[in-house]
Protein chains: 2
Amino acid sequence: MTALVVFAHGSKVDAANQAIHEVAARVGAKSGCACVAAFLEIAEPGLPRAVQQLVERGATRIVVLPYFLAPGRHAERDLPRIIDQIRNDLRDIHKEVTIEAAANLDGHPALVGILLDRAAAVLEEL
Amino acid sequence: MTALVVFAHGSKVDAANQAIHEVAARVGAKSGCACVAAFLEIAEPGLPRAVQQLVERGATRIVVLPYFLAPGRHAERDLPRIIDQIRNDLRDIHKEVTIEAAANLDGHPALVGILLDRAAAVLEEL
């Protein structure tokens, strides 16, 4: 079973974390895969706990989707380190489980379309 | 003349800042408006300088597009404060210029599609 994790930074603003959970729910509904949110810091669950829960639900292949706009230190340095640690933790008891990270949002052409929509919403108020 | 500004956090990773400039160029090309990048911190130009340059190029209406995924403190608190300061600075010499902020990226349905694309790119590698 393949499962997805939307991995975001985590915010002190509870509504921002809740928004990530909602995005994860939508990705789950559209993909047909189990999909949960996880956070680097501040908010819960962290990625190790989210992965553990997915494995307990039967996931054998986990794809982490970094919810970051730019190739900064969180997606490029922190996330690989956390994934390496999770792989080490899984090796003994769940050696059938694989975990890997997808690309972050940076460079996707749809981002330009979102900005155009946001601009249009303001410009149409004229 | 309407001009747009893609407003991002700014990164120590130069490629991340360059990516914002490229997004701004694409938004400019697709919208037909002048569009530049500006940064909250770390990278240059800041929003006041970007706005000044657009006004010097003849912009009379400036729409700031916050390039943030979540309603955190940067888009919700820092940006309005900076815009208020810019309005004060413009009042004396360029009272014809208006500046306003659009919504950030949060909640746009295309974000789910981007995540699905990122997941598909990994899953197709099987």
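In case you missed it, the structure is sitting above this.
Residues numbered from 1 in each chain as written. Chains lettered and ligands numbered in written order. Predicted model: local features only at pLDDT ≥ 70, side-chain atom pairs only at ≥ 80, totals over all residues. Heavy atoms only, no water.

Draft legend 1. View of the pairing of strand E3 (residues 61–66) of chain B. Residue and element names in this part refer to chain B. The buried fraction of E3 is high, at six of six residues. Covered by surrounding structure in E3 are Arg61, Val63 and Leu65 together with Ile62, Val64 and Pro66, the residues of both alternating faces. Pairing analysis gives six bridges linking strand E1 (residues 2–8) to E3, with the strands arranged parallel. Counted as the bridge partner of Ala3 is Ile62 from E3. (Buried < 20%, exposed > 50% of the residue type's maximum accessible area, 1.4 Å probe, protein only. Helix = DSSP H or I, 4+ residues; strand = E, 2+ residues; numbered from the N terminus. Pairing = 2+ DSSP bridges.)

Draft legend 2. Helix H4 (residues 110–123) of chain A, seen in detail. Taking 1.5 Å of rise per residue, 14 residues should cover 20 Å, and H4(A) covers 20 Å from first to last C-alpha, within 8% of that figure. The complete set of buried residues in H4(A) reads Leu111(A), Val112(A), Ile114(A), Leu115(A), Arg118(A), Ala119(A) and Val122(A). The buried residues of H4(A) occupy an angular sector of 160° when the element is viewed end-on, so they sit on one face. For H4(A), the secondary structure elements touched by its buried residues are E1, helix H1 (14–31), E3, strand E4 (98–101) and helix H4 (110–123) of chain B. (Expected span 1.5 Å × (residues − 1). Arc of directions from axis to C-beta. Contact = heavy atoms within 4.5 Å.)

Draft legend 3. Quick look at the sheet that holds strand E4 (residues 98–101) of chain A. Residues and elements named next belong to chain A. One open sheet accounts for four strands, arranged E2-E1-E3-E4; its pairing is parallel. Two strands close off the open sheet at either side, each with one partner strand: strand E2 (34–39) and E4. Neighbour-to-neighbour, the strand axes of the sheet open up by a mean angle of 25°, direction not taken into account. Bridge count for strand E1 (residues 2–8) against E2 is six bridges, and the pairing is parallel. Bridging across to E2, Ala8 finds its partner in Phe39. The sheet contacts of helix H2 (residues 47–56) involve E1, E2, strand E3 (61–66) and E4, and relative to E2 the element is tilted by about 160°. (Axes fitted to C-alpha atoms, helices over the stretch in contact; angles between N-to-C directions.)

Draft legend 4. Examining the environment of His21(A) more closely. All names here are of chain A. Within the secondary structure layout, His21 lies in helix H1 (residues 14–31). Taking the C-alpha atoms as reference, His21 lies 8.2 Å from Val6; in sequence the two are 15 residues apart. Discounting residues that sit within four places of it in the chain, His21 has contacts with Ala37, Phe39, Glu44 and Pro45.

Draft legend 5. A look at the packing of helix H2 (residues 47–56) of chain B against helix H3 (residues 73–93) of chain B. Residue and element names in this part refer to chain B. H3 packs onto H2 with a crossing angle of 40° between their chain directions and a minimal axis gap of 10 Å. Put simply, H2 runs oblique to H3. H2 and H3 meet at a crossing whose hand is right-handed. Contacts between H2 and H3 involve Leu47, Pro48, Val51 and Val55 on the former and, on the latter, Leu79, Ile82, Ile83, Ile86 and Leu90. By residue class, the composition of the contact of H2 with H3 is nine nonpolar, no polar and no charged. (Parallel < 35°, antiparallel > 145°, perpendicular 65-115°, else oblique. Left-handed = near helix turned anticlockwise from the far one by under 90°. Nonpolar A, V, L, I, M, F, W, Y, C, P; charged D, E, K, R; others polar.)

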